[in-house]
Amino acid sequence: MNQNPINTSRLVEVFSAEAFDNRRIDVIGAGATGSKVVLELAKAGLDDIHVYDFDTVAHENIGNQAYRRERDIDQLKVDALQNLVYEATGLKVNTHAERVDGSQELGDIVFLLTDRMDSRKQIFESSIKYNMNVQLMIETRMGVDQGRVYAVNPNDSVHVRAWTKTLCDDVVTETSACGTKISVGPTAGIIANYAMWALFRWSALQINPDGEDKLENELIVSLRPPALMTRFFNR
């Protein structure tokens, strides 16, 4: 535990810190959504955070990711993000400048946020699917003005089948997991925040599983025009 935890007293109505006792959070991918998710996790006072990414910060990342132009260009994303989070919160995230290939031991909660669909498929098959250590996988996809957030129990065969059916191939080289090369900062922020809300709601259900709130497995958001659709992975 960190010696100077964040004061999360204003968050008590939306998530339960008790649900994260002795639980590790892994964020795979520190790009548009990943960098913002890591920062929000730390601001929520969650201090057992591990982030995986082997890429460096480039000039084109500044407009849609959490990084800073003057300080972070050409640094490894995980190192730049560690410094950024520490300056903002006093918490230190654990960094892994490597590809996730099945050799790593992942934690209880995994955000799967790489920038290509083929890497997500590979990581899910090698490291997450039916991994008894992983209780929740949150995966996001983002286009210019729309996105999706998935909350999946990777040990539930119904969830695995339903989520797998949503996967598609990368359309062209250097296309994101959402099928577009264009990445808009405000859209990334909205999708990252919906991913955080999925985590908050999941945490509340760990404390009160019989409560009225039920966590949807798929959330589809449109920003032009504004619209929101959700569904559960029914048996």
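As a reminder, the structure under discussion sits directly above these lines.
Since we're looking at a predicted model, the values are computed, not measured.

Peer 1: Help me out: how do you make sense of the overall build of the protein chain in this one?
Peer 2: Of the regular secondary structure elements, the protein chain holds six helices and eight strands. Reading the protein chain from its N end, one meets helices and strands in the order β-α-β-α-α-β-β-α-β-β-α-α-β-β. Residues counted as buried form 50% of the 235 residues belonging to the protein chain. Long-range contacts, defined here as pairs at least 24 residues apart, represent 67% of the contacts in the protein chain between residues at least 6 apart. Working note: accessible area of the protein chain is about 11,900 Å², and carbon and sulfur atoms make up 48% of it.

Peer 1: Got a minute to help me understand the sheet that holds strand S1 (residues 25-28) in this structure?
Peer 2: To summarise the sheet geometry, strands pair through backbone hydrogen bonds and adopt either a parallel or an antiparallel arrangement. One open sheet holds the eight strands; their spatial order is S3-S2-S1-S4-S5-S6-S7-S8, and the pairing between them is mixed. Looking at which strands have only one partner, the edges of the open sheet turn out to be strand S3 (94-96) and strand S8 (226-231). Within the sheet, the average angular offset between the axes of one strand and its neighbour, ignoring direction, is 15 degrees. One ladder, built from four bridges, connects S1 with strand S4 (residues 109-112); its direction is parallel. Directly across from Ile28, in S4, lies its bridge partner Leu112. Contacts from helix H5 (residues 157-165) reach S4, strand S5 (136-142), strand S6 (146-152) and S8 within the one sheet, and its direction differs from that of S6 by about 160 degrees.

Peer 1: I would appreciate a short explanation of helix H1 (residues 32-43) in the present structure.
Peer 2: Each turn of an α-helix holds 3.6 residues, which means side chains three or four residues apart point in the same direction. Over its twelve residues, H1 runs 17 Å from end to end, which matches the ideal 16 Å to within 8%, given 1.5 Å per residue. When you tally the buried positions in H1, you get ten out of twelve residues, the bulk of the element. All buried positions along H1 are accounted for by Ala32, Thr33, Gly34, Ser35, Lys36, Val37, Val38, Leu39, Leu41 and Ala42. Here the buried face of H1 lies against S1, strand S2 (49-52), helix H3 (77-89), S4, S5 and helix H6 (185-207). Positioned one or two residues after H1, Gly45 has a phi angle of 85 degrees, which is positive.

Peer 1: Hey, could you run me through H5 in this one?
Peer 2: For H5, the full list of buried residues reads Val158, His159, Val160, Ala162 and Trp163. Buried residues in H5 make contact with S4, helix H4 (117-128), S5, S6 and S8. Regarding H5, its N-cap is Asp156, as a side-chain oxygen of that residue lies 2.9 Å from the backbone nitrogen of Val158 further along.

Peer 1: Explain the pairing of S5 to me, please; I cannot follow it from the model alone.
Peer 2: The side chains of a regular strand alternate between the sheet's two faces. The buried fraction of S5 amounts to seven of the seven residues, a majority that puts the element mostly inside the structure. Residues Leu136, Ile138, Thr140 and Met142 point to one face of S5 and Met137, Glu139 and Arg141 to the other, with burial holding for every one of them. In terms of strand pairing, S4 meets S5 through four bridges, oriented parallel. By the bridge assignment, Phe111 is partnered in S5 with Ile138.

Peer 1: Is there a simple way to think about the packing of aromatic side chains in this case?
Peer 2: The geometry of an aromatic ring pair comes down to the distance between the two centres and the angle between the two planes. Taken as a whole, this structure holds three aromatic pairs when the rule is applied. Here the aromatic rings of Phe20 and Trp202 are separated by 6.4 Å at their centres, their planes lie at 50 degrees, and the arrangement is tilted. In this pair, Phe20 is assigned in the segment before S1 and Trp202 in helix H6, connecting sequence segments 182 residues apart. Each of the two residues, Phe20 as well as Trp202, counts as buried. Note on Trp197 and Phe200: the rings are 5.8 Å apart at their centroids and 75 degrees apart in plane angle, and the pair reads as edge-to-face. Linking Trp197 with Phe200, this pair stays in helix H6, spanning three residues, or about one helical turn. With relative accessibility at 42%, the residue Trp197 sits in the partly exposed group.

Peer 1: Before we go on, may I ask you to explain the pattern of salt bridges in this structure?
Peer 2: Taken as a whole, this structure holds 17 salt bridges when the rule is applied. Ionic pairing is found between Glu87 and Arg68, a salt bridge with its closest N-O pair at 2.8 Å. Linking Glu87 in helix H3 with Arg68 in the loop between S2 and helix H2 (69-72), this pair joins segments that are 19 residues apart in sequence. Look at Glu87 and you get partly exposed, because its relative accessible area is 45%. For Arg68, a relative accessible area of 21% corresponds to the partly exposed category. Ionic contacts of the salt-bridge type, sharing partners, join the residues Arg68, Arg71, Asp72 and Glu87 into one network.

Peer 1: Just checking my understanding: could you explain the environment of Asp79 for this structure?
Peer 2: Examined against the element boundaries, Asp79 turns out to sit in helix H3. Sequence separation between Asp79 and Thr56 is 23 residues, and the spatial gap between their C-alpha atoms is 9.1 Å.

Criteria and cut-off values
- Residues numbered from 1 in each chain as written.
- Predicted model: local features only at pLDDT ≥ 70, side-chain atom pairs only at ≥ 80, totals over all residues.
- Heavy atoms only, no water.
- Helix = DSSP H or I, 4+ residues; strand = E, 2+ residues; numbered from the N terminus.
- Buried < 20%, exposed > 50% of the residue type's maximum accessible area, 1.4 Å probe, protein only.
- Contact = heavy atoms within 4.5 Å.
- Areas by Shrake-Rupley, 256 points an atom, 1.4 Å probe, with all protein chains shown as cover.
- Pairing = 2+ DSSP bridges.
- Axes fitted to C-alpha atoms, helices over the stretch in contact; angles between N-to-C directions.
- Expected span 1.5 Å × (residues − 1).
- Polar contact = N/O pair within 3.5 Å; in protein donor to acceptor, adjacent residues only side chain to side chain.
- Phe/Tyr/Trp six-rings, centres within 6.5 Å; stacked < 30°, edge-to-face > 60°.
- Salt bridge = Lys/Arg side-chain N within 4 Å of Asp/Glu carboxyl O.

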